[in-house]
Structure formats: structure tokens, C-alpha cells
Amino acid sequence: MTVTELVSYEEALATFEPVMGLEVHVELGTKTKMFCGCSTELGAEPNSQTCPTCLGMPGSLPVVNAVGVESAVKIGLALNCEIAEWCRFARKNYFYPDMPKNFQTSQYDEPIAFNGYLDVQLEDGEVFRVEIERAHMEEDTGKSTHVGGATGRIHGASHSLLDYNRAGIPLIEIVTKPITGAGERAPEVAKAYVAELRELIKALGVSEARMEMGQMRCDVNLSLMPKGAQKFGTRSETKNVNSLRSVERAARFEIQRHAAVLSSGGTILQETRHFHEEDGSTTSGRIKEEAEDYRYFPEPDLVPVAPSREWVEELRAGLPELPRVRRNRLREEWGVSEHDMQSILNAGAVDLIVATIEAGADAASARKWWMGELSRRANEAGTDLAAMEITPEQVARVCALVAEGFLNDKLARQVIEGVLAGEGAPDEVVEKRGLKVVSDEGALGTAVDEAIAANAGIADKIRSGKVAAAGALVGAVMKATRGQADAARVRELILERLGVEG
Ligand SMILES: [Zn+2]
């Protein structure tokens, strides 16, 4: 089945109802791995952060990372899950070179958290509830690099390199129940769910959840059933999708592909698929094993995890305000629309604006600079807003200088430019560049008189009632003061001098 044979999205949805399942892996931000004391720091020399336990040497014994368990419980609670009173780890047996133990320590029929939900808000404000099946603890695998092939995949490669630094880093896998009833909005729901989950994970402080760094990745399971049917169709599983946009595109593509196969009388294979960023398509991976193929069995080397109810309640009481609640509160405080709030969220500006307001700016100004000038510059530089070399305190200072009349917007933009260029704090940039609004009426008056004298023809036009011509004189004064005058005041002065009513 090739891309050209897809049926249109509308046609697919007219006949079929999509059913989705989303499996999200989150790499926890613990200092050490899940079952040993090795560092989890990124960027180290390959295989420098390993030990007998995470390399699966005979005789080594794992110990559970307490912070890993605490993070798992926090995630479970934030997802409105029940927390197991007692649960075990299990060995998921498979041979693959990126897991030297030949099994992955995971959880099988006894997850630490189960039966929850997450309410997600769609772009038009509608709230959709996604039910959570389970959240369980496991460990990440090592990283394979296939060398010599054109695609970077194993096919065609001459040899492969293995880095076990990542093997054993704690993961939480969060699995939804089948998501039904979303219809044509299924891809949008998938994207909104992963976005909301990412915000939640960040708010809990258990991971930075940076998808582009693989700290959070999503498997998109999708099947179609004829409208009105009860029995789910065969699903495909698109693995390791690592951006919000890609999650949406992968779901959309699979809906169209399944519909094409089913409409032409074909059969959907239960298989994993690879997502391709370039054109948004998926291609076949491997035929999917069933859970029983892994021969799970309880991990004999680890004691069961039995979180006490007191501890669970303590963690529940310590949960931060959840992102959706916080967003709604801020939206009301700032007086912005759902749509504007969505833009602020998409720009990654919520926390920056909050910090700028805390540093003394009013909400409207803080929003204006972060969403205007700074977003524009971040886009140009191809970087995140949060990575810009300016602090919320500095933006608040710029807001204050504008509010006090020391700067107009044009000068404020130059101050921001200076701060970003490393010229120092806003006040230093103002000083060094000599950027202050000329508010001295004497100096302004002189500049206005000079402009009138130098443009006698224009001045006559204005005197005869062509007030619109004043723009040219305002321009001349602004030029003479290097943009450091208040244009509205200049206009007033010109009309006053020429005896014309504004
Ligand atoms: Zn280790």
C-alpha cells in the first residue's frame, strides 16, 4: 500500500470510527538509574556510565531507586489513578543487543498505578476525557547506532555500535484505555493528550519531558471499525513518535491508510510501524508480538513495592496545581481568550510571563513583549523562547522603563536587542546606547522649530488645513532626535506652533 492509494480523510471518517490507544514513555529525571547507582547525565562518553548491574553481569543485584517510585506514584496520582498497595517488577524476556540482561525489568500484571483519567482541552475549548489504563515503572534500553547504511537503520548497515549509558534509566510507561468517540477529532485528541501529559510531567518536576531529546515518546496505536460496530478492528502501532505535531500526523495518516486497506477488501496486519517526519507517512516495521511471547515472570531479585497509604496521601497533598487548572486561572487573571491562551502555551511562554509579572510588570505588557518582539526573535533564531538570553526580570525592567515614559516601544525594542546581544542589563544598554526618550520640552521645541523652518512648503500646507501633511514633519523631528521623541507629543507641538487644531 503506497501513499498515493490513501483515501481522503473525510471519506475515511464517513465510513469508519477510529479507536486509538496511546502509550507514552517518560524518562524520569532521577540522578541515578532505576536499579543501580550509575549516573543518568546526558552527553557522557559512550559506556562510561555503566556497572555490572546495568550491564547484566552474573551475580549483580538490582536495588529499586526510591525517587523513581516516588515519581511514579506522583504521576499516578496526578492522572487520577489508584495506587497499588503492593506490586512487583517483572522480567520481559527478549534478546536484543541494546539490553544486555536479555530481559527488561518492567511491570506486567501489577502496575503501580491504574484506572485513571486525564481531561484534555481541545483548541476550541472543548474538554475530552482520556481514560488511563495504567502507569508502570520500567527501565530504558541502551542505544544502537547502525553504521554504514544510507538510512541509519539496521538494514544495509555494515556494523552497529552500542552505548549502554541509557540502559537502566527509569521510565514510566503510561497507557490509555481505548479512546473511542473522538471521530474526526481523534488526531487532535492524541496531540492534545500528549501535550497535556507533557505539561503535567513538567509541573510535577519528575522529568523535563523534552520530546526532541527522547525524554518523552509516544506510540500511537490505531484501528478502525465500521461506524456503529462494537468490535474493534486490528490495530497498528506506530512507534516512538517524538513531537506533538508528529503524533497528530501519525494518527491521521494511519486513519487514511487503514481505511484504504479495509475499503479495498484487504486485511490490516497487527504490526509496528515507523513514522517518517519528512512526509508524515508510516512504513511497516515488524509483525507485533503478543504479550505472552515475552514470557513475563515476576522479578526474583527485587523486593515488591508496597507504598504505604500515609505516604501516598502525603504525596497527594503535595501535588502542585495541575496545568489545566493553572492555565484557566491565569487566563482569567490575564483577561485573555482561549485562543490567545493556547498561543501563549504553544509558544512556551506561560512560565516566562508569570515570572515577568512576579518581577513587577503588568500582565498586558509582560504578554506583549514575550509574545511579540521576543517570540519574533526566537523564531528568527530558531530557538525556544525560554532559551533567549534575557530574563523575566530584565523584561519586567523594560516594561517599567516604558511605563515610566523613559522609553517608547521603538527604543524598548533596541534595549531588548542590546540585552540579547550581551550588552548588559536594560539600564546599562540604555546608558551605553544613549537611548532615552527626549522628553525635555525645550529640546523638543527646538527640534520642531528647526523642522518647520527647513520644510516651509509643508508647513504652509498644514497652515492651510492639510493636517495630514504633519506626518512628514513628525518624521523629520523623529529623525533629528534619532527616534527618541514621543511621536504623539511631537505632532501636538507642530500643530500648536502652526496654529492648527489637531
Ligand atoms: Zn549501572
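Residues numbered from 1 in each chain as written. Predicted model: local features only at pLDDT ≥ 70, side-chain atom pairs only at ≥ 80, totals over all residues. Heavy atoms only, no water.

A. Quick peek at the overall build of the chain. Along its length, the chain carries 16 helices and 14 strands. Taken against the 2.2 N^0.38 rule, which gives 23 Å for 502 residues, the C-alpha radius of gyration of the chain at 30 Å runs more than 25% over that of a compact globule. Oriented by its inertia axes, the alpha-carbon framework of the chain measures out at about 95 × 55 × 50 Å. Here the chain, with 502 residues, has 47% of them falling under the buried criterion. Counting only contacts in the chain whose residues sit at least 6 apart along the sequence, the fraction spanning at least 24 positions is 68%. (Helix = DSSP H or I, 4+ residues; strand = E, 2+ residues; numbered from the N terminus. Rg over C-alpha atoms; globule rule 2.2 N^0.38 Å. Buried < 20%, exposed > 50% of the residue type's maximum accessible area, 1.4 Å probe, protein only. Contact = heavy atoms within 4.5 Å.)

B. Representation of the nonpolar core. Judged by nonpolar contacts, the single largest core of 69 residues is most densely connected at Ile112, Ile174, Tyr193 and Leu197. Apart from residues no more than four positions distant in its own chain, Leu197 is found in contact with Val24, Leu79, Leu118, Ile174 and Met216. Among the nonpolar cores identified, the runner-up in size contains 36 residues, and Leu330, Val398, Leu407 and Val415 belong to it. (Core = buried A, V, L, I, M, F, W, Y, C linked by side-chain atoms within 4.5 Å.)

C. Local environment of the packing of helix H9 (residues 363–381) against helix H10 (residues 392–403). Contact pair H9 / H10: the axes reach a minimum separation of 10 Å and the direction vectors enclose 110°. Taken as axis vectors, H9 and H10 run roughly perpendicular relative to one another. Where H9 approaches H10, its residues Ser365, Ala366, Trp369, Trp370 and Leu374 are matched on the opposing element by Pro392, Val395, Cys399 and Val402. (Axes fitted to C-alpha atoms, helices over the stretch in contact; angles between N-to-C directions. Parallel < 35°, antiparallel > 145°, perpendicular 65-115°, else oblique.)

D. Quick look at the sheet that holds strand E4 (residues 103–106). Read across the sheet, three strands follow the order E4-E3-E14 without closing on themselves; strand pairing throughout is antiparallel. Two strands in the sheet have a free side with no partner beyond their single neighbour: E4 and strand E14 (297–298). In the sheet, strand E3 (residues 90–93) pairs with E14 via two bridges, with the strands oriented antiparallel. Within E14, the residue paired with Arg91 across the bridge is Phe297. (Pairing = 2+ DSSP bridges.)

E. Molecular detail of the packing of helix H6 (residues 323–334) against helix H8 (residues 350–358). In the contact formed by H6 and H8, the axes pass within 12 Å of each other and the chain directions differ by 50°. Relative to H8, H6 is oriented oblique. At the point where H6 passes H8, the crossing takes the left-handed sense. Seen from H6, the contacting residues are Arg326, Leu330 and Trp334; seen from H8, they are Val350, Asp351, Ile353, Val354 and Ile357. Looking at the contact of H6 with H8, its residues break down into six nonpolar, no polar and two charged. (Left-handed = near helix turned anticlockwise from the far one by under 90°. Nonpolar A, V, L, I, M, F, W, Y, C, P; charged D, E, K, R; others polar.)

F. Main features of the packing of aromatic side chains. One pass over the full model with this rule turns up four aromatic pairs. A centroid spacing of 6.2 Å and a plane angle of 75° characterise the contact between Tyr94 and Tyr294, whose relative ring orientation is edge-to-face. Taken as a pair, Tyr94 in the loop between E3 and E4 and Tyr294 in the loop between strand E13 (281–287) and E14 lie far apart in primary sequence, 200 residues in all. For Tyr294, a relative accessible area of 12% puts it in the buried group. Through pairs of rings, three or more aromatic residues link up here, namely Tyr94, Tyr108, Tyr294 and Tyr296. Looking at Arg129, its charged tip hangs above the ring of Tyr117, at a distance of 3.7 Å from the centre. Cation over ring: Arg252 sits above Tyr9, and NZ or CZ is 3.9 Å from the ring centre. (Phe/Tyr/Trp six-rings, centres within 6.5 Å; stacked < 30°, edge-to-face > 60°. Lys NZ or Arg CZ within 6 Å of the ring centre and 35° of its normal.)

G. Here's a closer look at the sheet that holds strand E2 (residues 82–83). With respect to topology, nine strands assemble into an open sheet ordered E2-E5-E6-E9-E1-E10-E11-E12-E13, the strand pairing being mixed. The sheet terminates laterally at E2 and E13, the two strands that pair on one side only. As paired elements, strand E1 (residues 16–27) and strand E9 (residues 170–176) share five bridges and run antiparallel to each other. Directly across from Val26, in E9, lies its bridge partner Ile172.

H. Representation of the coordination of the zinc ion in the model. Surrounding the zinc ion are the protein donor atoms Cys36 (SG), Cys38 (SG), Cys51 (SG) and Cys54 (SG), at 2.3 to 2.4 Å. Seen from the zinc ion, its four donor atoms lie at angles of 101 to 115°, and the figure they make is tetrahedral. Mapped onto the sequence, the residues coordinating the zinc ion show the spacing C-x1-C-x12-C-x2-C. Linking Cys36 in the loop between E1 and helix H2 (66–78) with Cys54 in the loop between E1 and H2, this pair joins segments that are 18 residues apart in sequence. For Cys36, a relative accessible area of 14% translates into the label buried. Residue classification places Cys54 among the buried positions, given a relative accessible area of 7%. (Donors = N, O, S within 2.8 Å, 3.2 Å for Na, K, Ca; no water. Tetrahedral: all angles 85-135°; square planar, octahedral: opposite > 155°, others 65-115°.)

I. Highlighting the pattern of salt bridges. Tallied over the full model, the rule gives 38 salt bridges. Glu313 is the partner of Arg316 in a salt bridge, and the nearest nitrogen-oxygen pair spans 2.9 Å. Remark: Glu313 and Arg316 occur in helix H5 (residues 309–317); sequence separation between them is three residues, near one turn of the helix. Given a relative accessible area of 39%, Arg316 falls into the partly exposed group. Ionic contacts of the salt-bridge type, sharing partners, join the residues Glu373, Arg376, Arg377, Glu380, Glu417, Glu423 and Arg433 into one network. (Salt bridge = Lys/Arg side-chain N within 4 Å of Asp/Glu carboxyl O.)

J. The arrangement of the domain arrangement of the chain in detail. Splitting the chain by domain gives domain 1 (3–315), domain 2 (334–433) and domain 3 (441–498). On a C-alpha basis, the centres of domain 2 and domain 3 stand 32 Å from each other. (Domains from an automatic or database assignment.)

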